[in-house]
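Coordinates in review
Take a look at the letters that make up each chain.
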Amino acid sequence: MSYGDAMNARVRSEERRAEIVRAALEVIAERGYRGASLGAVAERVGLTQQGLLHYFPTKDALLVAVLKERDQWDAVPGTRWRIDLLASLVEYNAMRPGIIQTFSALLGESVTEGHPARDYFSRRYVEVRASMAEVLRTEYGDRLPNSLTPERTAPLLVAVMDGLQYQWLLDPESVDMPGAFRDFLSLLGERPD
């Protein structure tokens with residue numbers, strides 16, 4: 001096999017993996033992780049279950065790929081999060097209900113003992129709370145106008161973001177997720193100039 005043929009095969013394999021991850025996102029959003037089967041994902045992409053196992057040897061490996069893909073969409077390359085970027089992320093999330101539904105379904109299921117995403121979400125929340133505390137410290141210093149520290153406020157910020165997602169998914173006509181998030185930010189108090 002020539003170098004060019006090997007590169008083409010690798011590109012096709014990566015494209016196929018990406019297609020499988022997108023299909024897994026859809027199936028998990030519809031059925032939850034426990035209700036999603038490798039067979040259902042394989043069927044969506046025109047593979048047999050055995051063919052899918054060539055790309056992802058286990059359902060857990062596919063789940064990890066789905067979670068990593070989702071995190072890539074929210075990454076801010078070469079910079080750090082800022083309050084205004086968080087508000088933009090909430091607006092962006094309102095344009096991608098399928099991704100938010102998948103994330104929410106996996107998050108909800110992950111609190112059960114033995115769920116393969118439990119460790120992932122536990123680690124993710126430690127990192128997200130630390131990141132949000134840093135965002136708040138950059139914006140407000142060591143104390144917010146409401147007298148709370150960034151570390152005390154960070155879990156509240158994360159809870160509002162995730163909680164709004166659940167409410168919005170259940171009733172998108174009644175819950176203005178971006179507007180409600182902006183309202184929450186106003187409760188934090190004025191940022192110093």
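Predicted model only: the values in this text are computed from it and were never measured.

Rules behind the numbers
- Residues numbered from 1 in each chain as written.
- Predicted model: local features only at pLDDT ≥ 70, side-chain atom pairs only at ≥ 80, totals over all residues.
- Heavy atoms only, no water.
- Phe/Tyr/Trp six-rings, centres within 6.5 Å; stacked < 30°, edge-to-face > 60°.
- Helix = DSSP H or I, 4+ residues; strand = E, 2+ residues; numbered from the N terminus.
- Buried < 20%, exposed > 50% of the residue type's maximum accessible area, 1.4 Å probe, protein only.
- Arc of directions from axis to C-beta.
- Contact = heavy atoms within 4.5 Å.

**Here we look at the packing of aromatic side chains**
Scanning the model with the defined rule gives two aromatic pairs in all. Note on Phe 103 and Phe 121: the rings are 5.5 Å apart at their centroids and 70 degrees apart in plane angle, and the pair reads as edge-to-face. Of this pair, Phe 103 sits in helix α6 (residues 97-110) while Phe 121 sits in helix α7 (residues 118-140), and the two are 18 residues apart along the sequence. The class of Phe 103 is buried, set by a relative accessible area of 3%. On the basis of an interplanar angle of 80 degrees and a centroid distance of 5.1 Å, the ring pair of Tyr 120 and Phe 121 is categorised as edge-to-face. Comparing Tyr 120 with Phe 121, the two get one shared label, buried. Among the aromatic residues, ring-to-ring pairing joins Phe 103, Tyr 120 and Phe 121 into one connected group.

**Looking at helix α5 (residues 83-93)**
Residues of α5 that are buried include every one of Ile 83, Leu 86, Ala 87, Leu 89, Val 90 and Asn 93, and no others. End-on, the buried residues of α5 take up no more than an arc of 155 degrees, which puts them together on one face. If you follow the buried residues of α5, they end up packed against α6, α7, α8 (150-170) and α9 (177-188).

**Things to note about the environment of Asp 119**
Within the secondary structure layout, Asp 119 lies in helix α7. For Asp 119 and Lys 68, which are 51 residues apart along the polypeptide, the C-alpha to C-alpha distance reads 14 Å.

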